[in-house]
Amino acid sequence: MKITHKLAQDIVDKTMNILGKNINIMDENGVIIGSGDKSRLNQFHEGAAQVIKKGEKLEIYSKDINHLVGARPGINLPIEHNNKIIGVVGITGEPNEVSPFGEVVKMTVEMMLQQEFLLKEIQLEQQARRNFIHDLISGRIGNDPDLFITRGQIVGYDILIPRVALVIDIYQFEKTAKRSLQTFKGLKEGEIHLQRLKNDVLKTVQRIFMDTPQEIVSYIGGDRFVVLKTINLKDTDEILRKKLFRMGERIKNTISQKMKFKVTIGIGEHHEGIQGLNKSFKEATQALDVGTKLERAGDIYHIGNLGVGKLLAEIREESQQEFMGKTIYFIKNNKKKKINETLLETLQAFFDNNLSISKTAQAIYVHRNTLLYRLRRVKEITGLDPKKFDDAVQLRIALKMRIYQGSSKVK
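Scope of this entry: the structure provided in the associated data block.

Conventions and cut-offs
Residues numbered from 1 in each chain as written. Predicted model: local features only at pLDDT ≥ 70, side-chain atom pairs only at ≥ 80, totals over all residues. Heavy atoms only, no water. Helix = DSSP H or I, 4+ residues; strand = E, 2+ residues; numbered from the N terminus. Expected span 1.5 Å × (residues − 1). Buried < 20%, exposed > 50% of the residue type's maximum accessible area, 1.4 Å probe, protein only. Contact = heavy atoms within 4.5 Å. Pairing = 2+ DSSP bridges. Axes fitted to C-alpha atoms, helices over the stretch in contact; angles between N-to-C directions. Right-handed = clockwise from strand over helix to strand, strands pointing away. Polar contact = N/O pair within 3.5 Å; in protein donor to acceptor, adjacent residues only side chain to side chain. Patch = residues over 30% accessible without salt bridge, like charges linked within 9 Å, V, L, I, M, F, W, Y side chains within 5 Å. Areas by Shrake-Rupley, 256 points an atom, 1.4 Å probe, with all protein chains shown as cover. Salt bridge = Lys/Arg side-chain N within 4 Å of Asp/Glu carboxyl O. Lys, Arg positive; Asp, Glu negative; His and termini not counted. Charge placed at Lys NZ, Arg CZ, Asp CG, Glu CD. Parallel < 35°, antiparallel > 145°, perpendicular 65-115°, else oblique. Left-handed = near helix turned anticlockwise from the far one by under 90°. Nonpolar A, V, L, I, M, F, W, Y, C, P; charged D, E, K, R; others polar.

## Considerations on helix α14 (residues 389-404)
Three or four residues apart is the spacing at which side chains of an α-helix point the same way, because the helix has 3.6 residues per turn.
Then, in step 1: Across its 16 residues, α14 extends 22 Å between first and last C-alpha, which sits within 8% of the 22 Å expected from 1.5 Å per residue.
Then, in step 2: By the burial criterion, the buried members of α14 are Asp391, Ala392, Leu395, Ala398, Leu399, Lys400, Met401, Arg402 and Tyr404.
Then, in step 3: Buried residues along α14 sit against α8 (276-294), α9 (308-314), α10 (317-325), α11 (341-352) and α13 (368-382).

In structure tokens:
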């Protein structure tokens, strides 16, 4: 384990504030990498080299400095980590003055280093886990599946357990977090706050799975998190779907109540094999995106319940625009005529009420004859009769496309 200049200087500054004496930290080669006297940085310290070689403290008096390159009066002690000398800490001053502080400073520096190294190990472990999860949901398994399975075991996951992906979207999470960064003066403090918010969400979700440690939870960027939920293959599709919806509701309600965010969740299907999680993740993302566009944010959507919406996600935008142009936006006879918002809303209500004239009239508060007149106008303008099945299907799909494309006005 190496001591970096940044870490060494940080420890020097903190220790000097307490001790009131100049402190130097030398690396495993005897080079000064942290000092209260910046002019001494990157200089070779022969006294420190002797400490590293012999493994014991060295007291340097004023009369000795001419015999040691880069040395000044003081006491120098080895810095140990896991029974190995990784550097030297020195206190500037006559040994009889600074020796009483020697062991205390050595112990303090070693404790600080131990905390930093431990934190670094935890961060590396967390990063390794995040990288593994991202590779898993992205399908980047590599050429050796067994090696990938072993990699999962190293970070604590058995990926042979069957799972289903749930993608969680927290409305404007990243935007809200970044906006809150403006309240911090320094970039470092702001980044720490942003990371804390992410960790709060992760911990909130992980607590739900406290009794089932093989559930995989991770932040995947932007406003989104993923849960790879273990499942029981003995469950029927209907039972499994109900369980996943109940879990989705629990996640959504927990985050909403605790952190006051609007939460939308997409759920995929189960697919065999390691690569199956990539497919389930894509489906969960698609369910989330399509459900939010066609319905609303703040709900739970399963890929199996999307109906026409699933097809829309797979049709190119240009093709959708062309289809809409030939149906609800197409002017059949008179180019000056166009289908307006009132007719589109009437048509939508007609389909929402299963093509029932009476129920639709009640729903939109119009007389039956007014509704029939509007439906005739739709037929005159588009050439498609909403009361005929084949024509109604075309109009219904066109309206779904209109919502999916986010159109608020006729083009």
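## Considering the sheet that holds strand β3 (residues 58-60)
Think of a sheet as strands paired side by side through backbone hydrogen bonds, with each pair either parallel or antiparallel.
Then, in step 1: An order of β2-β1-β5-β4-β3 is seen for the five strands of this open sheet, with the pairing classed as antiparallel. Two strands lie at the open edges of the sheet, namely β2 (32-35) and β3, each paired on one side alone. If you compare each strand with its neighbour and ignore which way they point, the axes differ by 25 degrees on average.
Then, in step 2: The strands touched by helix α3 (residues 95-138) within the sheet are β1 (23-26), β3, β4 (74-81) and β5 (84-92), with β4 carrying the most contacts at an inclination of about 25 degrees.

## Overview of the pairing of strand β9 (residues 263-267)
Then, in step 1: Counting buried positions along β9 yields five of five residues, so the element is predominantly enclosed.
Then, in step 2: Residues Val263, Ile265 and Ile267 point to one face of β9 and Thr264 and Gly266 to the other, with burial holding for every one of them.
Then, in step 3: In this sheet, β9 lies alongside strand β6 (residues 163-170) in antiparallel orientation, the contact comprising five bridges. Paired with valine 167 across the bridge in β9 is glycine 266.
Then, in step 4: Pairing between β9 and strand β10 (residues 300-302): three bridges, direction parallel. Bridge pairing in β10 places isoleucine 265 opposite isoleucine 300.
Then, in step 5: In this region the chain leaves β9, passes through α8 and returns to the parallel neighbour β10; the handedness of that crossover is left-handed.

## Overview of the sheet that holds strand β8 (residues 224-230)
Then, in step 1: If you walk across this open sheet you meet the five strands as β7-β8-β6-β9-β10, and the pairing is mixed. Single-partner strands in this sheet number two, and they are β7 (216-221) and β10. When the angles between neighbouring strand axes are averaged without regard to direction, this sheet yields 20 degrees.
Then, in step 2: Note: β6 against β8, seven bridges, orientation antiparallel. What sits directly across from alanine 165, in β8, is leucine 228.
Then, in step 3: Against the sheet, helix α7 (residues 237-259) engages β6, β8, β9 and β10, with an angle of about 160 degrees to β9.

## Some words on the side chain of aspartate 235
Then, in step 1: Mapped onto the elements of the fold, aspartate 235 is located in the loop between β8 and α7.
Then, in step 2: Residue classification places aspartate 235 among the buried positions, given a relative accessible area of 18%.
Then, in step 3: Discounting residues that sit within four places of it in the chain, aspartate 235 has contacts with Leu240 and Lys243.

## Side note on the side chain of serine 280
Then, in step 1: Mapped onto the fold, serine 280 is located in helix α8.
Then, in step 2: Here serine 280 falls in the buried class, since its relative accessible area comes to 0%.
Then, in step 3: Engagement of the side chain of serine 280 in a polar contact is seen with the backbone nitrogen of alanine 165, the distance being 2.9 Å.
Then, in step 4: Apart from the residues within four sequence positions on either side, serine 280 is in contact with Val164, Ala165, Gly268, Glu269 and His271.

## What to know about a positive patch on the surface
Then, in step 1: A cluster of basic side chains, namely Arg376, Lys379, Lys387 and Lys388, defines a positive patch on the protein surface.
Then, in step 2: With respect to the secondary-structure elements, lysine 388 resides in the loop between α13 and α14.

## Focus: the environment of phenylalanine 209
Then, in step 1: With respect to the element layout, phenylalanine 209 can be found in the loop between α6 (187-208) and β7.
Then, in step 2: A C-alpha to C-alpha distance of 44 Å links phenylalanine 209 and phenylalanine 350, two positions 141 residues apart in sequence.
Then, in step 3: In this structure phenylalanine 209 touches Glu215, Val217, Val227, Lys229, Met247 and Ile251, once residues within four positions along its chain are discounted.

## With respect to the packing of α11 against α14
Then, in step 1: Look at α11 against α14: their axes get within 11 Å of each other, and the N-to-C directions meet at 115 degrees. Accordingly, the angle class assigned to the pair α11 and α14 is roughly perpendicular. In terms of crossing hand, the pair formed by α11 and α14 is left-handed. Contact with α11, carried on its side by Glu341, Leu344, Leu347, Gln348, Phe351 and Asp352, involves Ala392, Leu395, Arg396, Leu399, Arg402 and Ile403 of α14 and no other residues of that element.
Then, in step 2: A breakdown of the residues in the contact of α11 with α14 according to their chemical character gives seven nonpolar, one polar and four charged.

Limitation: the analysis is restricted to geometry and does not speak to function.
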